[in-house]
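# Report on the structure
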Amino acid sequence: MSIPIYQVKVPEYQTDVQPDFKTIGAKIDRCIIKHFLDQKLAIRGIGSQDHPGKSTDDLIKIIKKIGTDRYDPNRKGDRYENVENKQIDIFALDFKITEKGKYLEQFIEPFYFWPKKFGEKPIKLDVIILYDRAKMKKVAHKYEGRNDIKKDGFVFKEPENKAGAIKGIIKIT
């Protein structure tokens, strides 16, 4: 099965100034709603600048082949600690896609503010991976130093066929 790639042009999405999260998110959401209405998805966003030496197109090729952007287990920032040391294949947010849903605004904002909190450059999302929620299992976990239970961890139900869980990929240009 071929994985569809959708392209959404958002020229105003830059990170040198605070982006308009709502407007940019709405543009990407329209693509999600158009192609995935009434589906349950786990949505993962990544920025190619977090993958030195890899272009957006390189990352998309890797994702289509192995089912995830987590291609190098030794890459800094590619694995996240959790108190229970549970296996987590990816971090994503899950949604049932509705006509009036708002999804990407929730991704763009933390990718802008979180790195700045640590003196790093904001991350511009340029790849959105849409996984079939039925092919993923949620892993509740805790981060070091926090008491809240996070529900953004997932493992693939068929780890030998991670690419088979992908419903589509959005390339943001």
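A short tour of the structure in this document, coming up.

Definitions and cut-offs
Residues numbered from 1 in each chain as written. Predicted model: local features only at pLDDT ≥ 70, side-chain atom pairs only at ≥ 80, totals over all residues. Heavy atoms only, no water. Pairing = 2+ DSSP bridges. Helix = DSSP H or I, 4+ residues; strand = E, 2+ residues; numbered from the N terminus. Axes fitted to C-alpha atoms, helices over the stretch in contact; angles between N-to-C directions. Contact = heavy atoms within 4.5 Å. 1 Å grid on protein atoms, 1.4 Å probe; cavity = no way out; pocket = protein on both sides within 12 Å on 5 of 7 lines; lining within 4 Å. Points joined across faces, edges and corners; volume = space filled by probe spheres on them. Nonpolar A, V, L, I, M, F, W, Y, C, P; charged D, E, K, R; others polar. Phe/Tyr/Trp six-rings, centres within 6.5 Å; stacked < 30°, edge-to-face > 60°. Buried < 20%, exposed > 50% of the residue type's maximum accessible area, 1.4 Å probe, protein only. Lys NZ or Arg CZ within 6 Å of the ring centre and 35° of its normal. Core = buried A, V, L, I, M, F, W, Y, C linked by side-chain atoms within 4.5 Å.

### Section: the sheet that holds strand β5 (residues 127-132)
- Across the sheet, five strands lie side by side as β1-β8-β5-β2-β4; this open sheet has mixed pairing. Every interior strand has two partners, whereas the edge strands, β1 (5-8) and β4 (93-96), have only one. Averaged over all neighbouring strand pairs, the angle between strand axes comes to 25°, with direction disregarded.
- Summarising the sheet, β5 and strand β8 (residues 166-172) pair through five bridges and their orientation is antiparallel. Bridging across to β8, isoleucine 128 finds its partner in isoleucine 170.
- Packing of helix α2 (residues 56-66) onto the sheet brings it into contact with β1, β2 (40-46), β5 and β8, and relative to β8 it is tilted by some 175°.

### Here we look at empty space enclosed by the protein
- Applying the stated criterion across every chain, the model contains one cavity of 30 Å³ or more.
- Considered as a void within the structure, the largest cavity measures approximately 40 Å³ in volume.
- In terms of lining residues, the largest cavity is bounded by Lys135, Phe156, Glu158, Asn161, Lys162, Gly164 and Ala165.
- Residues of the lining of the largest cavity, tallied by class, amount to two nonpolar, two polar and three charged.

### Here we look at the packing of aromatic side chains
- Inspection of every chain in the model, using the stated rule, returns seven aromatic pairs.
- A centroid spacing of 4.9 Å and a plane angle of 70° characterise the contact between phenylalanine 95 and tyrosine 103, whose relative ring orientation is edge-to-face. Exposure class is identical for phenylalanine 95 and tyrosine 103. Each is buried.
- Each ring, one from tyrosine 131 and one from phenylalanine 156, has its centre 5.5 Å from the other, and the planes form 70°; the classification is edge-to-face. Residue tyrosine 131 is located in strand β5, and its partner phenylalanine 156 is located in strand β7 (residues 150-156); the two are separated by 25 residues in the primary sequence. Just as tyrosine 131 is buried, phenylalanine 156 falls in that class too.
- Through successive ring pairs, a cluster of aromatic residues spans Phe21, Tyr112 and Phe113.
- Above the ring of tyrosine 13, the side-chain terminus of lysine 124 is found at 5.6 Å from the ring centroid.

### Remarks on unusual backbone geometry
- In this structure, aspartate 38 takes a positive phi of about 70° despite not being glycine.
- Structurally, the position occupied by aspartate 38 is in the loop between α1 (21-36) and β2.

### Details of the sheet that holds strand β3 (residues 90-91)
- If you trace the three strands from one edge of the open sheet to the other, you get β3-β7-β6, paired in antiparallel fashion. Across the chains shown, the open sheet's two edge strands, defined by having one partner strand only, are β3 and β6 (136-141).

### Examining the nonpolar core
- One finds Ile28, Ile32, Ile43, Ile97, Leu104 and Ile170 to be the most contacted residues of the largest nonpolar core, which totals 25 residues.
- Only β1, α1, β2, α3 (105-117), β5 and β8 provide two or more residues apiece to this core.
- Counting residues per element, this core draws most heavily on α1, at seven residues.
- Among all residues touching isoleucine 43, those that are not within four sequence positions of it are Ile32, Ala92, Leu93, Phe95, Ile97, Tyr103, Phe107, Ile128, Ile129 and Leu130.
- In this structure, Leu59, Ile60, Tyr131 and Ile169 belong to the second largest nonpolar core, which totals 18 residues.

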